[in-house]
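# Inside the fold
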Amino acid sequence: MHPAAPPLISGLFSKPVECAAAFNDLPDAVIFLSRHRRVLYLNRAAEVLTG
């Protein structure tokens, strides 16, 4: 389940970086939740863990 427009990280590099590109390369699971505990983003490692 991926958001329609991936969130961006700004101020970290000279230009914004797409979060999906940064987090998908991590071996650890990364999951973003909304305030209402709805999944906003899963990286590839999280998808492998959750099926």
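The sections below set out a description of the structure shown in this document. (Residues numbered from 1 in each chain as written. Predicted model: local features only at pLDDT ≥ 70, side-chain atom pairs only at ≥ 80, totals over all residues. Heavy atoms only, no water.)

## Some remarks on the packing of aromatic side chains
Counted according to the given criterion, the structure contains 2 aromatic pairs. Their ring planes at 45 degrees and their centres at 5.8 Å tell us that Phe32 and Tyr41 sit as a pair that is tilted. Joined through ring pairs, the aromatic side chains of Phe23, Phe32 and Tyr41 make up one cluster. (Phe/Tyr/Trp six-rings, centres within 6.5 Å; stacked < 30°, edge-to-face > 60°.)

## Brief notes about the side chain of Asn43
Positionally, Asn43 belongs in the loop between β4 (39–42) and α2 (44–50). A distance of 2.9 Å separates a polar atom in the side chain of Asn43 from the backbone nitrogen of Val30. In contact with Asn43, other than residues within four places in its own chain, are Phe23, Asn24, Leu26, Asp28, Ala29 and Val30. (Helix = DSSP H or I, 4+ residues; strand = E, 2+ residues; numbered from the N terminus. Polar contact = N/O pair within 3.5 Å; in protein donor to acceptor, adjacent residues only side chain to side chain. Contact = heavy atoms within 4.5 Å.)

## Examining unusual backbone geometry
Generally, phi is negative for residues other than glycine and the peptide bonds are trans, each holding for most cases. Here Arg37, not a glycine, exhibits a phi torsion of approximately 65 degrees, which is positive. On the basis of relative accessibility, which here comes to 72%, the residue Arg37 falls in the exposed class. (Buried < 20%, exposed > 50% of the residue type's maximum accessible area, 1.4 Å probe, protein only.)

## Thoughts on the pairing of β4
Bridging between strand β3 (residues 31–33) and β4 involves 3 bridges; their strand directions are antiparallel. Each residue of the ladder has a partner; that of Ile31, found in β4, is Leu42. Between the antiparallel neighbours β3 and β4 lie 5 residues, among them Arg37 with a positive phi of about 65 degrees. (Pairing = 2+ DSSP bridges.)

## Some words on the side chain of Asn24
The residue Asn24 is located in the loop between α1 (19–23) and β3 in this model. Among the polar contacts made by the side chain of Asn24, one reaches the side chain of Tyr41 at a distance of 3.2 Å.

## Concerning a nonpolar patch on the surface
On the surface, a cluster of nonpolar side chains totalling about 240 Å² of accessible area is made up of Ile31, Leu33 and Val39. Along the chain, the position of Leu33 falls in strand β3. (Patch = residues over 30% accessible without salt bridge, like charges linked within 9 Å, V, L, I, M, F, W, Y side chains within 5 Å. Areas by Shrake-Rupley, 256 points an atom, 1.4 Å probe, with all protein chains shown as cover. Salt bridge = Lys/Arg side-chain N within 4 Å of Asp/Glu carboxyl O.)

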